[in-house]
Amino acid sequence: MMFFKGQVKKITELTFNQYCLLLENLQAAKKAVPGQFLHIRIREGLAPFLRRPFSIAGTSPREGTVSVIFRIVGEGTAMLSHLQPGENLDCLGPLGSGFETIDKAACSVLIAGGIGAAPLLFLARKLTDEKKKVFLFYGASTASELIPLKKYLPSEVEIHWATEDGSAGYEGLVTGLFVKALKKGLKPEEIFACGPRPMLQALALKNDQWNFPLQLSLEERMACGIGACQGCALKTKSGDEIGYRMVCRDGPVFHSYEVVW
Amino acid sequence: MQNMQVELGPLKLKNPVLAASGTFGFGEEFSSFFDLHELGALVVNGITLKPKQGNPPPRVVETPAGMLNAIGLQNPGLDVFLADELPRLKNCRAAIIVNIAGETEDDYVILARELSTTEGICAIELNLSCPNVKKGGILFGTAAHTIDKLVTKVRKASNLPLIVKLSPNVTDIAELARAAENGGADILSLINTLRGMVIDTAGRRPFLGNITGGLSGPAVRPVAVRAVYEVYRAVSIPIIGMGGIVNVQDALQFFMAGAQAVAVGTASFVDPFAIPRLIAGLHSYLESQNIVGINEIVGAAHSF
Ligand SMILES: Cc1cc2nc3c(=O)[nH]c(=O)nc-3n(C[C@H](O)[C@H](O)[C@H](O)COP(=O)(O)OP(=O)(O)OC[C@H]3O[C@@H](n4cnc5c(N)ncnc54)[C@H](O)[C@@H]3O)c2cc1C
Ligand SMILES: Cc1cc2nc3c(=O)[nH]c(=O)nc-3n(C[C@H](O)[C@H](O)[C@H](O)COP(=O)(O)O)c2cc1C
Ligand code: FES
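Residues numbered from 1 in each chain as written. Chains lettered and ligands numbered in written order. Predicted model: local features only at pLDDT ≥ 70, side-chain atom pairs only at ≥ 80, totals over all residues. Heavy atoms only, no water.

### Here's the deal with the interface of chain B and chain A
Quoted interface sizes are often the accessible area lost when the parts come together.
Phase 1 of the analysis: Each partner contributes residues to the interface: chain B has 32 residues there, and chain A has 28 residues.
Phase 2 of the analysis: Contact between chain B and chain A buries roughly 2,500 Å² in total, counting both sides, with carbon and sulfur atoms accounting for 63%.
Phase 3 of the analysis: Looking only at chain B, the three residues that lose the most surface to chain A are Glu62(B), Phe269(B) and Val270(B), adding up to 25% of its buried area.
Phase 4 of the analysis: Counting every contact that joins chain B to chain A gives 2 salt bridges. (Contact = heavy atoms within 4.5 Å. Buried area = accessible area lost by both parts, 1.4 Å probe. Salt bridge = Lys/Arg side-chain N within 4 Å of Asp/Glu carboxyl O.)

Quick look at the structure:
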């Protein structure tokens with residue numbers, strides 16, 4: 001865990017309301033693993049008051065950069081989108097634990113709902129480095145909200161698109177698109193998912209029958225981001241024991257069988 | 001030469017800045033940011049006799065210049081605290097104050113007794129003011145006679161310096177402060193969080209899993225300063241002031257209102273270096289004003 005000032009290198013609008021923020025910090029770039037996040041202080045002062053958590057969407061250890069992909073949903077993210085190159089952002093991170101990939105798996109599936117694609121982009125790079133065949137199922141509500149992800153992904157990754165209104169790709173939820181691929185013979189040996197809670201829950205429940213190794217990156221409201229306040233509780237089970245674990249410290253990635261919905 | 005040391009009755013601290021209970025865990029998380037030895041004292045998470053799971057999420061939500069929390073005293077219980085957390089804490093060489101909460105008077109008495117026979121603890125803080133648990137805590141902390149009775153019992157069970165933490169969710173905090181002093185408290189700490197609520201308008205329901213939560217951060221500071229000011233007039237025991245402290249100017253308000261020490265809570269979530277910054281800032285302030293010790297300004301606002 002660490003603290004750093006990340007200098008804003010570039011901020012790019014990806015599609016309406018969704019941005020990529022490129023921060024310069026060599027140590028963070030070297031240290032981060034897929035699944036971890038940064039806890040960012042948007043600016044000094046009282047509004048916004050708390051830090052905001054964002055998954056790390058990629059790193060370039062060579063250039064010493066870390067990227068974050070975010071969607072404007074409120075005051076903090078709106079301010080973030082107005083940052084100028086050269087400004088310094090106060091960050092904690094990389095925080096949390098990353099995705100655990102399975103050495104022997106040859107076919108990996110990523111399932112992304114909306115901005116949930118962010119941590120999976122970083123993971124895709126790791127999986128292709130591990131010489132795995134990688135499929136990304138990526139859904140949004142409508143075509144204009146789909147981020148053109150191709151340029152952030154290794155070319156080997158096979159992308160399948162879904163929109164709820166059918167304006168691009170498969171019409172329906174991304175989980176539906178994935179089920180369709182399973183029926184056509186897709187044989188995932190590990191699955192990683194990030195997206196809205198209902199999507200993750202639906203996937204976890206279906207997986208009770210499929211029994212694929214499934215890891216989920218979850219969100220919860222955070223204050224400290226480092227495990228001190230016990231604010232970001234997630235109900236989990238381990239054996240017969242049910243209790244709360246902290247998304248910031250014990251996650252944000254959890255095995256699907258650990259989560260109590 | 002400026003002297004940062006303070007004596008709060010029987011409790012001597014190397015400087016007047018404490019980490020507030022529930023906001024600093026058991027110290028471990030912050031030890032990667034700075035040496036906890038720098039702290040005036042570390043008040044650990046509220047401990048109960050039995051382990052406590054805490055409240056369902058969401059447990060925190062941002063509010064203007066502050067936040068609500070409804071953690072519900074999630075903690076591993078006394079035994080695990082003593083076996084696992086305390087040894088680790090002792091290694092960091094900070095002065096350790098243990099915050100305790102009970103569902104019954106006996107809980108408090110047992111906790112206090114057990115902690116008194118444990119090495120490495122410099123004081124006990126009775127949490128009579130947690131707004132987020134159904135049983136105990138604040139139930140003891142809102143009436144003078146229950147405070148007096150409970151503090152008297154705990155006083156008999158322990159010879160450690162005894163701090164009583166007061167709730168601002170009362171009509172007259174000075175009356176309760178007097179009751180705690182009567183019961184034998186050595187020190188008072190205030191304020192705990194203010195009860196509050198946020199509604200999720202899209203879902204048309206309370207936002208927090210616990211429905212209500214406790215407000216902290218700069219938003220509560222004026223309430224806290226007022227509480228310290230009133231309590232200072234009512235009692236003769238030392239006060240640890242807290243509520244929304246971020247920087248030196250904030251802390252000075254508390255000293256001048258009558259606190260001999262201050263605690264920092266929520267600010268550490270925003271800036272993990274908030275406490276060491278405040279300690280350094282206070283030192284420079286004393287220097288620049290030619291003040292020998294904090295005591296010179298304690299209560300200054302009462303004699304203008
Ligand atoms: C581990 C983790 C990783 C995340 N990764 C990303 C990412 O890669 N890209 C991205 O766009 N968003 C991500 N989010 C969500 C992001 O943190 C919120 O969208 C952001 O905090 C909203 O801030 P705001 O001020 O714009 O919104 P507001 O709604 O005004 O924020 C008010 C408060 O609610 C909190 N909040 C609001 N939405 C969320 C949420 N979904 N999860 C947690 N807290 C929330 C804010 O942090 C703030 O404290 C992630 C959340 C978590 C917990
Ligand atoms: C997340 C959180 C947890 C807390 N837990 C406790 C606790 O266990 N016991 C206690 O006496 N006070 C607890 N408090 C209250 C703080 O110690 C402090 O009194 C209050 O937050 C006001 O100070 P601040 O504005 O600097 O945070 C908690 C506060 C927060 C924000
Ligand atoms: S946000 Fe404080 S424990 Fe996770």
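### Looking at the site of ligand 2
Residue and element names in this part refer to chain B.
Phase 1 of the analysis: Contacts to ligand 2 come from 21 residues, most closely from Ser21, Lys165, Gly217, Gly244 and Thr266.
Phase 2 of the analysis: One nitrogen or oxygen atom from the main chain of Ile191 is found 2.8 Å from an oxygen atom belonging to ligand 2.
Phase 3 of the analysis: Here an oxygen atom of ligand 2 sits 3.0 Å away from a polar atom, N or O, in the main chain of Gly265.
Phase 4 of the analysis: When ligand 2 sits alone it has 610 Å² of accessible area, and the protein chains cover 96% of it. (Near = heavy atom within 4 Å. Polar contact = N/O pair within 3.5 Å; in protein donor to acceptor, adjacent residues only side chain to side chain. Areas by Shrake-Rupley, 256 points an atom, 1.4 Å probe, with all protein chains shown as cover.)

### What to know about the pairing of strand 14 (residues 213–216) of chain B
Residue and element names in this part refer to chain B.
Phase 1 of the analysis: As defined by bridge partners, strand 6 (residues 66–69) adjoins strand 14 across 3 bridges and the pair is classed as antiparallel. Bridging across to strand 14, Leu68 finds its partner in Leu215.
Phase 2 of the analysis: Alignment of strand 11 (residues 194–196) against strand 14, held across 3 bridges, turns out to be antiparallel. Of the residues in strand 14, the one forming a bridge with Leu194 is Leu215. (Pairing = 2+ DSSP bridges. Helix = DSSP H or I, 4+ residues; strand = E, 2+ residues; numbered from the N terminus.)

### Comments concerning the sheet that holds strand 16 (residues 253–255) of chain A
Residues and elements named next belong to chain A.
Phase 1 of the analysis: On the basis of which strands lie adjacent, the open sheet formed by 7 strands has the order 11-10-9-8-12-13-16 and mixed pairing. Both edges of this open sheet fall to strand 11 (170–171) and strand 16, since each of them pairs with a single strand only.
Phase 2 of the analysis: Pairing geometry for strand 13 (residues 214–217) and strand 16, over 3 bridges, is antiparallel. For Ser217, the partnering residue across the bridge sits in strand 16 and is Val253.
Phase 3 of the analysis: This element, helix 3 (residues 117–129), spans strand 8 (107–113), strand 9 (133–140), strand 12 (190–194) and strand 13 of the sheet and lies at about 165° to strand 8. (Axes fitted to C-alpha atoms, helices over the stretch in contact; angles between N-to-C directions.)

Scope: geometric values only; no functional claims are made or implied.
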